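Examining the three-dimensional arrangement
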Amino acid sequence: MAGENKQTSVLVVDDDQVHRYMLCSMLTDWGYRTIEADDGSTAVTAVENHSYDAVLMDIRMARMDGHEAFLRIQAIAPALPVILMTAYSTVESAVETIQQGAHDYLTKPLDFDRLRLALERAVDHHQVVSQKQQVKKNKPDLETRLIGSSPPMMDLLEMISYVAPTEATVLISGESGTGKELVAEALHVNSERGNKPFVKVNCAALAESLLESELFGHERGAFTGAETRREGKFVQADGGTLFLDEIGETSKAMQVKLLRVLQEHELQRVGGEETVRVDVRIIAATNRDLEEEVKKNHFREDLYYRLNVVMIVVPPLRERGDDIGELVTYFAGKFAEKNRRDFEGITAECMDLLNSYPWPGNVRELENAIERGIILMRGMELTEKSLPLTIQKQIEKLTKQTDNQPVSLFEAEKQLILKTLDKTSGNKSEASRRLGITPKTLLNKLKKYGEM
Ligand SMILES: Nc1ncnc2c1ncn2[C@@H]1O[C@H](COP(=O)(O)OP(=O)(O)OP(=O)(O)O)[C@@H](O)[C@H]1O
Ligand SMILES: [Mg+2]
């Protein structure tokens, strides 16, 4: 049991001294090491300077409330689980904080069995995440380039570590700006071909005739302007990996030619007869739904199956909420250094906004927003004022939502239940356990919401 491990440390944050002492002595009895903080800002400083396994924090505190403290803690230590304690009057704030990634919340007066269970879960969760981060540390190339430790990102990294060392052709799909090219690089770097060339071709950037000679090379005199023989990207990538970006944009005629190289491992230069053998691993990427393109007869089925030996789907940023804090910290540091700006941190409001924005342009959009933010930053703190207008507009949307639809206790409870079901992948008995209600009550509530 987690609590028996003397090393397991919990930061207990409450401005009510008596309540704090009571919690600490109970947690100590359960075998935890406790550290106290008497308000939100002390807690933030503690997290900046030490590492803990979990945080147990009151929502309502005089100096910096639990919600703001949570956002700051999340920006510093995204994987650290935070459990909030809330009275009914602040339950909305707790639900909001859960939606922003807090681990759990408990209502006061506290049910001590639930508290004990919640702590054990939080600590277990933290240990799993830390172990996974350890795995990442052992793969320096993956770690330094691909930021993020949300569950979808961990799955992606795991997939890369399985597939990279093989010779399999890989099809990477995902929305624009999600990091497909970085994934392709990670696959190459972590393969046996890692110290051989990694050659990229953007299939959408060239007219068909140019793309053909770009890929396969051409003989002298093959067309006007072809004064010498030129080797193509396939030959340049010999022994290594060829990354065919935006493969969905190629013409049917080009698809036939690509299929042939994939099958025979040989090609002919444009305007030539000679057969050239190549040893190239192919990684292709697309932001189209290629299966759909096949159905519409825009993409050859045989080529699709050749490419899609392994499919890696890069999830959109909006499904990787937990990564936003980590990415922001990474990009802010990177651009502060590049632009020689002093950067001390990001305001809670700004982080709030970044967390609530849907990021249609994914990581690329976030990266650009932070670069702009750092350049236009007035002081040493990044605020929403230096973010692009499209993102700032999100504030208006959020305020409108809260104006028009005041969140009732009913709504707050519904949101929490649906969120918990989401977190447990729809497992109702696990969700009811986490919520501290019987499965029957859960079913009744779901019926009431019309969710069943
Ligand atoms: N997980 C990540 N960690 C750090 N940087 C990332 C991550 N994912 C993407 N980026 C950065 O975001 C930008 C966009 O990534 P990339 O070019 O790989 O996306 P893409 O999916 O190929 O986009 P497109 O479909 O538009 O070509 C790049 O600058 C990349 O370095
Ligand atoms: Mg790309």
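1. Thoughts on the pattern of salt bridges
- A full pass over the atoms with the stated rule returns 31 salt bridges.
- As a salt-bridge pair, Glu266 and Arg260 come within 4.0 Å of each other at their nearest N and O atoms.
- The residue Arg434 makes a salt bridge to Glu430 at a minimum N-O spacing of 3.0 Å. Pair noted here: Arg434 and Glu430 are both in helix H19 (residues 428–435), with a separation of 4 residues, about one helical turn.
- Its relative accessible area of 27% is what places Arg434 among the partly exposed residues.
- For Glu430, a relative accessible area of 16% gives the class buried.
- Salt bridges linked by common partners bring Glu219, Arg229, Glu231, Arg269 and Glu274 together as one network.

2. Some points on the confidence of the model for the chain
- With 93% of its residues at a pLDDT of at least 70, the chain reaches an overall mean of 88.
- Here residues 1–5 is modelled with pLDDT under 50, and outside its nearest four sequence neighbours on either side it reaches 13 contacts, counting other chains as well.
- The low-confidence segment residues 138–144 (pLDDT under 50) makes 10 contacts with residues lying over four places distant or belonging to another chain.

3. Things to note about the sheet that holds strand E1 (residues 9–13)
- Read across the open sheet, the 5 strands follow the order E2-E1-E3-E4-E5; overall the sheet is parallel. Each of the sheet's edge strands pairs with one partner strand only, and the pair in question is strand E2 (33–37) and strand E5 (104–107). Across this sheet, the average inter-strand angle for adjacent strands is 20°, counted without regard to direction.
- Direction of pairing for strand E4 (residues 82–86) relative to E5: parallel, over a ladder of 4 bridges. Looking at E5, one finds that Thr86 is bridged to Thr107.

Calculation notes
- Residues numbered from 1 in each chain as written.
- Chains lettered and ligands numbered in written order.
- Predicted model: local features only at pLDDT ≥ 70, side-chain atom pairs only at ≥ 80, totals over all residues.
- Heavy atoms only, no water.
- Salt bridge = Lys/Arg side-chain N within 4 Å of Asp/Glu carboxyl O.
- Helix = DSSP H or I, 4+ residues; strand = E, 2+ residues; numbered from the N terminus.
- Buried < 20%, exposed > 50% of the residue type's maximum accessible area, 1.4 Å probe, protein only.
- pLDDT = per-residue confidence, 0-100.
- Contact = heavy atoms within 4.5 Å.
- Pairing = 2+ DSSP bridges.
- Axes fitted to C-alpha atoms, helices over the stretch in contact; angles between N-to-C directions.

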